Amino acid sequence: MSTLLIRNAHCIATMDDARRELRDASILVRDNIIESIGPAADLPQTADEVIDARGHLVMPGLVNTHHHMVQSLTRAIPAVQDAELFGWLRGLYPIWAGLTPEMVQVSTQVAMAELLLSGCTTSSDHLYIYPNGVRLDDSIEAAREIGMRFVATRGSMSVGQSAGGLPPDSVVEQEDAILKDTQRLIETYHDDSHGAMVNVAVAPCSPFSVSRDLMRESAALARHHGVRLHTHLAENDHDMAYSREKFNCTPTQYAQDLGWLGADVWHAHCVKLDDEGISLFAATRTGVAHCPCSNMRLASGIAPVRRMLDAGVPVGLGVDGSASNDAAHMVNEARQALLLARVGRALQPPEIRTGADGERRSFFGCDLGPAEMTARDALALATRGGAQVLGRADIGHLAPGLCADLALFDLRTLAFAGGAVHDPVGALLLCASPPAAYTVVNGKVVVREGRLTTLELPPLVERHNRLAVALARNTA
């Protein structure tokens with residue numbers, strides 16, 4: 001059995017139930033499990049591998065609940081830089097139709113490298129387009145090679161433009177083939193054990209690209225096998241209008257009718273979730289993947305995250321696709337969640353600004369109530385919240401018996417100057433978003449001193465760029 005010692009950390013933010021923050025502390029890992037956390041003087045001083053964490057903040061590995069990793073090949077495409085969701089998709093569907101298995105493998109590793117270098121240890125991915133022999137297996141193999149904990153969602157599109165959907169007919173699949181392949185993937189790869197490195201989820205893409213029958217049958221398949229369900233919901237005003245016109249209901253009512261509410265379901269975005277929707281999500285413990293950067297990039301709006309949390313809705317963070325962000329930096333995503341929540345509060349009409357006691361306040365230097373979101377609230381979304389949304393009780397905070405998924409940030413760097421001396425945890429989000437100094441996944445160091453250990457990054461990036469040019473050129 002191998003041991004790893006994270007020794008003499010300046011601060012360990014456990015994100016446990018009490019949100020304990022330990023100074024001058026250490027963590028002992030045995031194999032892939034945290035064995036003990038506590039004062040450095042009380043823990044062993046040696047191990048098979050020792051990381052000197054003096055001057056570092058140690059966090060649980062961050063958890064990304066929504067991504068489209070193949071989109072890293074189509075970042076900053078000029079034709080869609082200023083488009084909203086539907087126009088953006090129409091511009092990119094023809095490009096994505098040229099994807100190959102090699103492109104999926106390489107882009108998945110590029111996206112995961114970016115996440116790992118930002119301290120993210122677990123990520124979901126929503127692959128919903130399968131041209132030219134592409135399979136979800138390509139993504140799963142890429143994750144195994146790079147060493148990331150992975151929730152692979154088998155996405156799908158079955159309703160093309162000729163049937164009233166948004167995607168072109170050339171990129172949709174037959175529904176029986178979708179269900180058959182989804183079952184194959186669950187039976188081949190899904191692992192529900194403690195510390196599992198691969199989960200599989202069932203993920204029809206969206207109300208405007210799949211049929212109601214496929215939604216119902218996908219939910220039944222997922223629940224038969226005990227796996228989770230995922231889709232996009234209530235992303236922007238056009239999405240809302242589509243649901244009203246095609247289904248004569250709100251997106252939440254659509255989800256409820258089809259069996260897509262429950263503690264085994266999480267929906268991406270939910271920017272336009274109304275009061276009824278928030279209540280239903282809270283009552284059924286349905287999760288939300290909040291994607292602040294993408295929601296801003298595509299002008300979708302500001303999700304009512306504070307209201308969701310106050311109602312009891314499970315909420316995690318997602319970077320969303322690399323062509324709608326256009327990055328995959330989880331610390332920055334948490335920072336944006338924090339800042340966007342405060343902007344949303346500022347946009348409220350003055351007459352509904354009230355104090356913590358519910359009383360109106362003067363607007364001349366008096367308290368207007370608590371912050372919409374604190375830095376620690378945002379970090380909770382990026383760790384515990386994400387773990388809850390993905391149905392994982394073995395990650396998301398630091399405690400004995402949990403998986404050894406850790407992120408270390410060097411507080412002595414320029415980004416933290418003048419900030420970490422006051423509050424090392426708050427500074428992680430309030431100062432410039434830093435890279436991780438170390439990232440540990442399942443007890444294995446996959447980022448060491450800011451460098452990926454499992455793959456050579458320069459040739460991967462060079463190969464990725466060649467493929468990105470080829471993909472775009474094929475549709476020019």
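From a predicted model like this one, the values you see are computed outputs, not experimental measurements. (Residues numbered from 1 in each chain as written. Predicted model: local features only at pLDDT ≥ 70, side-chain atom pairs only at ≥ 80, totals over all residues. Heavy atoms only, no water.)

Novice: Hey, could you go over the overall build of the chain for me, with residue numbers and the actual values?
Specialist: From N to C terminus, the chain includes 14 helices and 17 strands. Against the globule reference of 23 Å for 476 residues, the chain gives a C-alpha radius of gyration of 22 Å, in line with a compact fold. Dimensions of the chain, computed from the C-alpha atoms along their principal axes, are close to 70 × 60 × 45 Å. The proportion of buried residues among the 476 residues of the chain is 59%. Sequence-distant contacts, at least 24 apart, represent 75% of the contacts inside the chain between residues at least 6 apart. Summed over its atoms, the accessible surface of the chain is roughly 18100 Å², and 50% of this surface lies on carbon and sulfur atoms. Looking at charge distribution, the chain has the averaged site of its 41 positive side-chain charges lying 3 Å from that of its 55 negative ones. (Helix = DSSP H or I, 4+ residues; strand = E, 2+ residues; numbered from the N terminus. Rg over C-alpha atoms; globule rule 2.2 N^0.38 Å. Buried < 20%, exposed > 50% of the residue type's maximum accessible area, 1.4 Å probe, protein only. Contact = heavy atoms within 4.5 Å. Areas by Shrake-Rupley, 256 points an atom, 1.4 Å probe, with all protein chains shown as cover. Lys, Arg positive; Asp, Glu negative; His and termini not counted. Charge placed at Lys NZ, Arg CZ, Asp CG, Glu CD.)

Novice: Summarise a nonpolar patch on the surface; cite the residues concerned and give the values.
Specialist: A cluster of nonpolar residues, Ile302, Val343 and Leu347, forms a patch on the protein surface that exposes about 260 Å² of accessible area. Examined against the element boundaries, Leu347 turns out to sit in the loop between α11 (330-346) and α12 (375-389). Judged by relative accessible area, Leu347 falls into the exposed class, the value being 62%. (Patch = residues over 30% accessible without salt bridge, like charges linked within 9 Å, V, L, I, M, F, W, Y side chains within 5 Å. Salt bridge = Lys/Arg side-chain N within 4 Å of Asp/Glu carboxyl O.)

Novice: With reference to specific residues and values, describe the packing of aromatic side chains.
Specialist: Two descriptors summarise a pair of aromatic rings, namely the distance from one centre to the other and the angle between the planes of the rings. By the definition in use, this model includes seven aromatic pairs. Judged by centre distance (6.2 Å) and plane angle (80 degrees), the rings of Phe208 and Tyr242 are edge-to-face. Highlighted residues: Phe208 in the loop between β9 (198-204) and α5 (212-225) and Tyr242 in helix α6 (residues 237-247), separated in sequence by 34 residues. Both residues of the pair, Phe208 and Tyr242, belong to the buried class. (Phe/Tyr/Trp six-rings, centres within 6.5 Å; stacked < 30°, edge-to-face > 60°.)

Novice: Before we move on, could you go through the pairing of strand β15 (residues 438-441) and cite the residues and values that matter?
Specialist: As a general feature of sheets, a regular strand has side chains that alternate between the two faces. The alternating pattern of β15 places Tyr438 and Val440 on one face and Thr439 and Val441 on the opposite face, and all of these are buried. Relative to β15, strand β14 (residues 406-410) is paired through three bridges, and the arrangement is antiparallel. Along β15, the bridge assignment pairs Ala407 with Thr439. Here β15 runs beside strand β16 (residues 444-448); their pairing, made up of four bridges, is antiparallel. Across the sheet, the residue bridging to Thr439 is Val447, located in β16. Following β15, the chain reverses through two residues before pairing antiparallel with β16; Asn442 in that reversal takes a positive phi of roughly 55 degrees. (Pairing = 2+ DSSP bridges.)

Novice: Pulling in residues and values, what's your account of the packing of α11 against α12?
Specialist: Remark: α11 packs on α12, axes separated minimally by 9 Å, with the N-to-C direction vectors making an angle of 130 degrees. As the angle between them shows, α11 and α12 are arranged oblique. For the crossing formed where α11 meets α12, the hand is right-handed. Every residue of α12 that contacts α11 at Met330, Ala334 and Leu338 is listed here: Ala375, Ala378 and Ala382. Split into classes, the residues belonging to the contact of α11 with α12 amount to six nonpolar, no polar and no charged. (Axes fitted to C-alpha atoms, helices over the stretch in contact; angles between N-to-C directions. Parallel < 35°, antiparallel > 145°, perpendicular 65-115°, else oblique. Left-handed = near helix turned anticlockwise from the far one by under 90°. Nonpolar A, V, L, I, M, F, W, Y, C, P; charged D, E, K, R; others polar.)

Novice: Give a detailed account of the nonpolar core, specifying residues and quantitative values.
Specialist: Ranked by size, the top nonpolar core spans 127 residues in total, and within it Trp88, Leu89, Trp96, Leu99, Met308, Leu428 and Leu429 carry the most contacts. Take this core: its biggest share by element is 10 residues, from helix α2 (residues 101-117). When near neighbours in sequence (up to four residues on either side) are disregarded, Leu89 contacts Trp96, Tyr128, Leu166 and Phe208. Among the nonpolar cores identified, the runner-up in size contains 21 residues, and Ala9, Ile12, Val58 and Val445 belong to it. (Core = buried A, V, L, I, M, F, W, Y, C linked by side-chain atoms within 4.5 Å.)

Novice: Which residues make up helix α3 (residues 136-146), and what values do they have?
Specialist: By the criterion of burial, α3 is predominantly enclosed, with eight of the 11 residues buried. Burial in α3 covers these residues: Leu136, Asp137, Asp138, Ser139, Ile140, Ala142, Ala143 and Ile146. Among the residues trailing α3, Gly147 stands out with phi positive, at a value near 95 degrees.

Novice: Can you break down the side chain of Thr182 residue by residue, with the values?
Specialist: Residue placement: Thr182 occurs in helix α4 (residues 175-189). Within the local environment of Thr182, its side chain forms a polar contact with the backbone oxygen of Ile178, the two atoms lying 2.7 Å apart. (Polar contact = N/O pair within 3.5 Å; in protein donor to acceptor, adjacent residues only side chain to side chain.)

Novice: Give me the lowdown on the environment of Cys249, citing residues and values where you can.
Specialist: Mapping Cys249 onto the fold places it in the loop between α6 and α7 (251-257). For Cys249, a relative accessible area of 13% corresponds to the buried category.

Novice: Lay out the pairing of strand β2 (residues 21-30) with the relevant residues and their values.
Specialist: Pairing between strand β1 (residues 3-13) and β2: eight bridges, direction antiparallel. Among the inter-strand pairings, Leu5 is bridged to a residue of β2, identified as Leu28. With six bridges connecting them, β2 and strand β3 (residues 33-39) associate as antiparallel partners. Paired with Ser26 across the bridge in β3 is Gly38. A loop of two residues connects β2 with β3, the two strands running antiparallel in sequence, and Asp31 in this loop sits at a positive phi of about 55 degrees.

Novice: Describe the packing of α2 against α3, listing the residues and the values that go with them.
Specialist: Look at α2 against α3: their axes get within 8 Å of each other, and the N-to-C directions meet at 40 degrees. In terms of orientation, α2 lies oblique with respect to α3. α2 and α3 meet at a crossing whose hand is right-handed. Here Pro101, Val104, Gln105, Thr108, Gln109, Met112, Ala113 and Leu116 of α2 come into contact with α3, specifically with Asp138, Ser139, Ala142, Ala143, Glu145 and Ile146.

Novice: Help me get a handle on α12, residues and values and all.
Specialist: Along an α-helix, residues three or four positions apart point the same way, because every turn accommodates 3.6 residues. Between its terminal C-alpha atoms α12 stretches 20 Å, which fits the 21 Å expected from 15 residues at 1.5 Å a residue. The axis of α12 is deflected most strongly, by about 40 degrees, at Leu381. Of the positions making up α12, those classed as buried are Ala375, Asp377, Ala378, Leu379, Ala380, Leu381, Ala382, Thr383, Gly385, Gly386, Ala387 and Val389. Immediately downstream of α12, the backbone of Gly391 shows phi near 75 degrees, a positive value. (Expected span 1.5 Å × (residues − 1). Bend = angle between axes of the 7 residues up to and from the residue.)

Novice: Outline the pattern of salt bridges, supporting the account with residue identities and numerical values.
Specialist: On inspection of all chains with the given rule, the structure shows 28 salt bridges. Two residues, Asp52 and Arg54, come together in a salt bridge whose shortest N-O distance is 2.5 Å. Asp52 sits in the partly exposed class, given a relative accessible area of 32%. The salt bridge partner of Asp405 is Arg149, with a shortest N-O separation of 2.9 Å. One end of the pair, Asp405, is in the loop between α12 and β14; the other, Arg149, is in strand β8 (residues 149-156), with 256 residues separating them in the sequence.

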